[in-house]
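# Descriptive structure summary
Read off the chains here:
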Amino acid sequence: MSEWPYIIASYVLTWVVLGSFATYLVSRNASAHRVLRRGPSGLEP
Amino acid sequence: MRDTLEVQLEGEAKPSGRPRWLTLLGFAAFTFLAAAQAYAVWSSPPDRDMGNLQKIMYVHVPAAWTAFLCFFIVFGASIRYLWTGRDKHDLIAAAAAEVGAVLTALTLLLGSIWGRPTWGVWWTWDARLTSTAVLLVVFVGYLTLRAFTDDPRRRARWSAAIGILGALNVPIVYMSVTWWRTLHQMQSTPRTLSPAYMSGLHLNSLAAFFVVVYLILQRYHTARLERAAEESLDTAVLGFMQVEPLEVSHV
């Protein structure tokens, strides 16, 4: 019975790491797209 | 300003905000991963020695294998960059290195969680653990170098060299359990693993592969957007520097 906390922790950690990383990549992508749309002036076209 | 941006992106497919197919791939890959984990956890019997702790294998081993895959991509893309000088290969290598570093860190953390109840310690300076930690340090160094080098050409050349040298560590990590006496068990192959666990491991490895493909493509796509923005800014600065003296001479 004492083995289950380790098993649950490993699966939770996997999802936290992969989920956070995927979210970070998606938000960075959106941010890069915004910068590109605005251009070097920082203004919307 | 918009015209400048159009010119910068000419010659290559213009990167769009976020392709729909990439979103669908991500959704499908994570759904597949959840289903594969559920199948493996519920269908695999307890191990004779480790009991249910064996179920950690379905997250730990695919994380390690896909991290290796990332570093092979870094190796191949870095060689291609040095050979052709094309930015595309540099960006692919950088994307794979970032995903590989995250997966290596995850592998070490999962191994630590598995090691505590089976070996009695969170960490030991075992050959497999130490060589994996070295691999992580090398690729954290790779990413740090990229973050602090402004010139894109120099950044690409230096990181390609580190990427190739760093990836050479992968066979050492893989073979470390054979070459040295270690606490870590042997590689998970059909010879060392009971058939009862093989289908779960293969399914989870396939799911992890799709997740990693999605993460690398997502990171590569973002890198292309960032590179295009960087180049449009450089062009704007150069244009400003060329225009400025003319304006002064009119005055």
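One structure accompanies this document, and this report is about it. Throughout this document, residue positions are counted from 1 along each chain, in the order its sequence is written. Written order decides the labels, with chains lettered from A and ligands numbered from 1. Owing to the predicted nature of the model, reporting of local features is limited to residues with pLDDT of at least 70; listing and counting of side-chain atom pairs is limited to 80 or more, with chain, interface and lining totals taken over all residues. Think of the side-chain values as coming from all heavy atoms in the structure, minus any hydrogens and water.

Right, let's talk about the overall build of chain A for a bit. Strands here are runs of E lasting at least two residues and helices are runs of H or I lasting at least four, both read from the DSSP assignment and numbered beginning at the N terminus. Helix and strand counts for chain A stand at one helix and zero strands. Counting all 45 residues of chain A, 29% fall into the buried class. Total accessible area on chain A is roughly 2600 Å²; 68% of this is exposed by carbon and sulfur atoms. Accessibility here uses a 1.4 Å probe with only protein chains present; expressed as a share of the type maximum, an area under 20% marks a residue as buried, one over 50% as exposed, and anything in between as partly exposed. For the accessible areas, the method is Shrake-Rupley and the probe is 1.4 Å, while residue cover comes only from the protein chains on display.

Let's shift gears to the overall build of chain B. Of regular secondary structure, chain B possesses eight helices and zero strands. The order of helices and strands in chain B, counted from the N terminus, is α-α-α-α-α-α-α-α. For chain B, buried positions account for 46% of its 251 residues. Partitioning the contacts of chain B with sequence separation of at least 6, the portion at a separation of at least 24 is 78%. Whether two residues touch is decided by their heavy atoms; if any such pair falls within 4.5 Å, the residues are in contact.

For interface size, the figure often reported is the accessible area lost on association. Opposite the 44 residues of chain B that make contact, chain A presents 26 residues. Note on terms: buried area is the combined drop in 1.4 Å-probe accessible area of two parts once they are placed together, counting the loss on both. Carbon and sulfur atoms supply 76% of the area that chain B and chain A bury against each other, a total of about 3300 Å² over both sides. By salt bridge we mean one thing: a side-chain nitrogen of Lys or Arg within 4 Å of a carboxyl oxygen of Asp or Glu. Here chain B is connected to chain A by one salt bridge. In this structure, the salt-bridge partner of Glu226 of chain B is Arg28 of chain A, at a minimum N-O distance of 2.7 Å.

Next up on the list: the side chain of Thr14 of chain A. With respect to the element layout, Thr14 of chain A can be found in helix α1 (residues 4–38). The class of Thr14 of chain A is buried, set by a relative accessible area of 4%. Once residues within four sequence positions are removed from consideration, Thr14 of chain A is found in contact with Gln37, Val59, Leu106 and Leu110 of chain B.

Residue and element names in this part refer to chain B. For helix α7 (residues 169–179), the complete set of buried residues consists of Asn169, Val170, Val173, Ser176 and Val177. With its buried residues spanning 130° around the axis, α7 presents them on a single face. In the core, the buried residues of α7 are packed alongside α3 (57–84), α5 (127–148) and α6 (152–167). It is the directions from the helix axis to the C-beta atoms that the arc portrays.

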